[in-house]
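Structural overview
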Amino acid sequence: MMILSRSVALISLFLLPLLTFSFSVDNPTDRRVLVLLDDLSLKSSHSIFFNTLKSRGFDLDFKLAEDPKLALQRYGQYLYDGLIIFAPSTERLGGSLDSKSIADFVDSGRDLILSADTSASDLIRGIATECGVDFDEDSSAMVIDHTSFSASDVDGDHTLIAADDLVKSDVILGKAKIEAPVLFRGVAHSLNPTNNLVLKVLSASPSAYSANPSSKLSSPPQLTGSAISLVSVMQARNNARVVISGSLQLFSDRLIRSGVQKAGSPNQYEKSGNEQFVTELSKWVFHERGHLKAGSLVHHRVGETDEPAIYRIKDDLEFSVEIYEWSGKSWEPYVANDVQVQFYMMSPYVLKTLSTDKKGLFHTSFKVPDVYGVFQFKVEYEKLGYTTLSLSKQIPVRPYRHNEYERFIPTAYPYYGACFTTMAGFFVFSFVYLYHK
Amino acid sequence: MVKSTTKDAQDLFRSLRSAYVATPTNLKLIDMYVCFAVFTALIQVAYMALVGSFPFNSFLSGVLSCIGTAVLAVCLRIQVNKENKEFKDLAPERAFADFVLCNIVLHLIIINFLG
């Protein structure tokens, strides 16, 4: 008995560090990341990017994409919290991995960084299509831009692009502006315009097009201009985040270290914007920014503290909700001025913007409308780059009870007066009639 | 022609007035009461025309109390008038007792309906 309990204690002691580092809703620290490479030399050629991840506390597990011992799950538990696939030419993933298991991985709420390159295989294209991103069907096509290429392009075919059309979002790309253009060399992809879960983070300039650089164009290219996305992100409805890049070289040390000068522009930068771009993007995709959590909705009548079971029409009520944002280490109060609450029954009767006390509490007060029924307090917050908040709480609203109306209606005072005057008149008349001479 | 019609109207009016002066006092009292009740009713109708009929039950209650009591007073007058051959055998006290009872019932209903 003693030996059993001691071994259990020993085992739990070993498991404790693992438990503190694993993913949980209160502590969304993605720590264990599986990195799939098609060539182990990528470990050194992309070392700056991997080191930034390691310095933030991530446990990177480098494996070859075709390793037969690959597994994402064991006995129903996921072994990793994030996945990076830097294996653009892999036709088949090893072990128990395939595009369906990767789709399930994202469905479970875990994050993915996927990068294609000039020789993107069908497997990689398939995973990208699952996430809503369509790579150019021509497998030999690359993004070519004759006006926005980098002046340091050695090949001379204008495939090394200096892109600066970044999405305007502080939460995805960080508060600091990325001054230098981002160097890119790879394939183009496009997004379905009706899909509202994907977003272009780095777009090509209007003069870009996707074609084979070594052969003459026989017909106009299909993907052109700003419809070409170079790097896109997708935030799924379960708030899993996916980054899809058309270039593996975007993450490489060579492009991170190189200076950049856009052809035709006088500005020359010593360092390209690549390092800042990939670092900030990786912070976003692994939930270090823009991950919101909401406490429960609290509502009560003005002057009370308990939540009533039912409201009456034209009651004054106060509503509040707490929203926190994960800063990578702890929950910080979320500050924004566009969180709204709806008092909803088939359509919002009341829509109010909540005011914040800057400590994470969002509150407002309003009058219950003059309609009775079963209402819902709804907070539907969908801001670009932030997790979607979808909260609701049901509450019934009743009409006046028969003794809650006003007792005497002021407009009817003349009628009250007339009735009593008539009664008094009748009384006086009967006296006079009986006792007159 | 005009002069003669004016003179006729004046003669008619004078004869009506002299006939009315001859009526007994109790009947004149009842007439005054009826005028007072109808006047009150007309004031209420004018007020309703001004502000609208919002608490309609109160309006009805007020107007019907006046009209009801006027109607009961007219019945009393008919029954008490000695020139009326139909009610020759009815004691005037009985008529007055009916009048009082009906008025009490009327005002009970009115207060109930007033809201």
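- As named in an unreviewed UniProt entry, chain B is Dolichyl-diphosphooligosaccharide--protein glycosyltransferase subunit DAD1, taken from Capsella rubella.
- Quoted verbatim from the Subunit (unreviewed entry) field of the UniProt record, the comment on chain B reads "Component of the oligosaccharyltransferase (OST) complex."
- Its UniProt record gives chain B a comment under Sequence similarities (unreviewed entry), which states: "Belongs to the DAD/OST2 family."

- If you check an unreviewed UniProt entry, chain A appears there as Dolichyl-diphosphooligosaccharide--protein glycosyltransferase 48 kDa subunit from Capsella rubella.
- Quoted verbatim from the Subunit (unreviewed entry) field of the UniProt record, the comment on chain A reads "Component of the oligosaccharyltransferase (OST) complex."
- Entered under Pathway (unreviewed entry) in the UniProt record, the comment concerning chain A runs "Protein modification; protein glycosylation."

Quick word on the nonpolar core
All names here are of chain A.
- Counting residues in each nonpolar core, the largest one holds 72 residues, and the members touching the most others are F86, F277 and F377.
- Considering each element in turn, this core owes the most residues, 5 residues, to helix 8 (residues 274–285).
- For F86, the residues in contact, after removing those within four places along its chain, are L36, L37, D38, L42, F49, F50, I113, S115, L248 and F251.
- If you look at the next biggest cluster of nonpolar residues, it comprises 34 residues, including I124, I127, C131 and A236.

Quick look at the pattern of salt bridges
- Considering all chains together, one arrives at 21 salt bridges over all chains under this definition.
- We note a salt bridge from R301 of chain A to E304 of chain A, for which the minimum N-O separation is 3.6 Å.

Let's talk about the pairing of strand 25 (residues 347–353) of chain A
All names here are of chain A.
- Relative to strand 25, strand 24 (residues 340–345) is paired through 6 bridges, and the arrangement is antiparallel. Paired with F343 across the strands is V350, a residue of strand 25.
- Counting the residues in the hairpin turn of strand 24 and strand 25 gives 1 residue, including M346, whose phi is positive at 70°.

So, the UniProt feature "transmembrane region" (unreviewed entry) in chain B
Residues and elements named next belong to chain B.
- What UniProt calls "transmembrane region" (unreviewed entry) maps, in this numbering, to residues 30–50, 56–76 and 96–114.
- Across residues 56–76, helical content stands at 100% and strand content at 0%; the span's end C-alpha atoms are separated by 30 Å.
- Counting secondary structure, residues 96–114 comes out at 100% helix and 0% strand; the distance between its end C-alpha atoms is 26 Å.

Examining the interface of chain A and chain B
- Facing 21 residues of chain A, the contacting portion of chain B comprises 32 residues.
- Summed over the shared surface of chain A and chain B, the result is 0 salt bridges.
- Between chain A and chain B we count 2 residue pairs in polar contact (both at pLDDT 80 or more) in total.
- Of the residues in the side of chain A that touches chain B, the class split is 14 nonpolar, 6 polar and 1 charged.

Some details on the domain arrangement of chain A
Residues and elements named next belong to chain A.
- Each assigned domain of chain A is listed here: domain 1 (32–286) and domain 2 (291–398).
- Relative to domain 2, the C-alpha centre of domain 1 lies at a distance of 38 Å.
- Each side of the interface is counted separately: domain 1 has 10 residues, and domain 2 has 6 residues.
- Here domain 1 and domain 2 share an interface that buries about 630 Å² over both sides, 53% of which is from carbon and sulfur atoms.
- When the area that domain 1 buries against domain 2 is broken down by residue, the three leading residues are V171, N239 and R241, summing to 59%.
- For the pair domain 1 and domain 2, the interface holds 0 salt bridges.
- In this assembly, domain 1 and domain 2 are joined by 4 residue pairs in polar contact (both at pLDDT 80 or more).

Looking at the sheet that holds strand 29 (residues 389–398) of chain A
Residues and elements named next belong to chain A.
- Reading across the sheet, the 5 strands line up as 21-29-28-24-25 and stay open at both edges, with mixed pairing between neighbours. With one partner strand each, in any of the chains shown, strand 21 (311–312) and strand 25 form the two edges of the open sheet.
- As paired elements, strand 24 and strand 28 (residues 373–381) share 3 bridges and run antiparallel to each other. Along strand 28, the bridge assignment pairs Q342 with K378.

Notes on helix 4 (residues 99–107) of chain A
Residues and elements named next belong to chain A.
- Within the span of helix 4, buried status applies to S101, I102, A103, F105 and V106.
- Buried residues along helix 4 sit against strand 4 (77–78), strand 5 (82–86), strand 6 (111–115), helix 5 (122–130) and strand 16 (241–245).
- Positive phi shows up at G109, right after helix 4, with a value of about 100°.

A few points about the UniProt feature "domain: OST48 middle" (unreviewed entry) in chain A
- Per the UniProt record, "domain: OST48 middle" (unreviewed entry) is found at residues 299–437 of chain A.
- A helix fraction of 17% and a strand fraction of 43% characterise residues 299–437 of chain A, whose end C-alpha atoms lie 75 Å from each other.

Overview of the packing of helix 9 (residues 413–435) of chain A against helix 2 (residues 25–51) of chain B
- In the contact formed by helix 9 of chain A and helix 2 of chain B, the axes pass within 11 Å of each other and the chain directions differ by 180°. Judged on the interaxial angle alone, helix 2 of chain B and helix 9 of chain A are roughly antiparallel. Contacts between helix 9 of chain A and helix 2 of chain B involve P414, Y415, A418, T421, T422, G425, F426, F429, V432 and Y433 of chain A from the former and N26, L29, I30, Y33, F36, T40, Q44, Y47 and M48 of chain B from the latter.
- Of the residues in the contact of helix 9 of chain A with helix 2 of chain B, the class split is 13 nonpolar, 6 polar and no charged.

Some remarks on the packing of helix 2 of chain B against helix 3 (residues 56–80) of chain B
Residue and element names in this part refer to chain B.
- Viewed as axis vectors pointing N to C, helix 2 and helix 3 meet at an angle of 160°, and their least axial separation amounts to 9 Å. Relative to helix 3, helix 2 is oriented roughly antiparallel. Every pair of crossing elements has a handedness; the one defined by helix 2 and helix 3 is left-handed.
- A class-by-class count of the residues in the contact of helix 2 with helix 3 yields 18 nonpolar, 5 polar and 2 charged.

What counts as what
Residues numbered from 1 in each chain as written. Chains lettered and ligands numbered in written order. Predicted model: local features only at pLDDT ≥ 70, side-chain atom pairs only at ≥ 80, totals over all residues. Heavy atoms only, no water. UniProt positions renumbered as here; feature names shortened; annotations may be inferred. Core = buried A, V, L, I, M, F, W, Y, C linked by side-chain atoms within 4.5 Å. Buried < 20%, exposed > 50% of the residue type's maximum accessible area, 1.4 Å probe, protein only. Helix = DSSP H or I, 4+ residues; strand = E, 2+ residues; numbered from the N terminus. Contact = heavy atoms within 4.5 Å. Salt bridge = Lys/Arg side-chain N within 4 Å of Asp/Glu carboxyl O. Pairing = 2+ DSSP bridges. Polar contact = N/O pair within 3.5 Å; in protein donor to acceptor, adjacent residues only side chain to side chain. Nonpolar A, V, L, I, M, F, W, Y, C, P; charged D, E, K, R; others polar. Domains from an automatic or database assignment. Buried area = accessible area lost by both parts, 1.4 Å probe. Axes fitted to C-alpha atoms, helices over the stretch in contact; angles between N-to-C directions. Parallel < 35°, antiparallel > 145°, perpendicular 65-115°, else oblique. Left-handed = near helix turned anticlockwise from the far one by under 90°.

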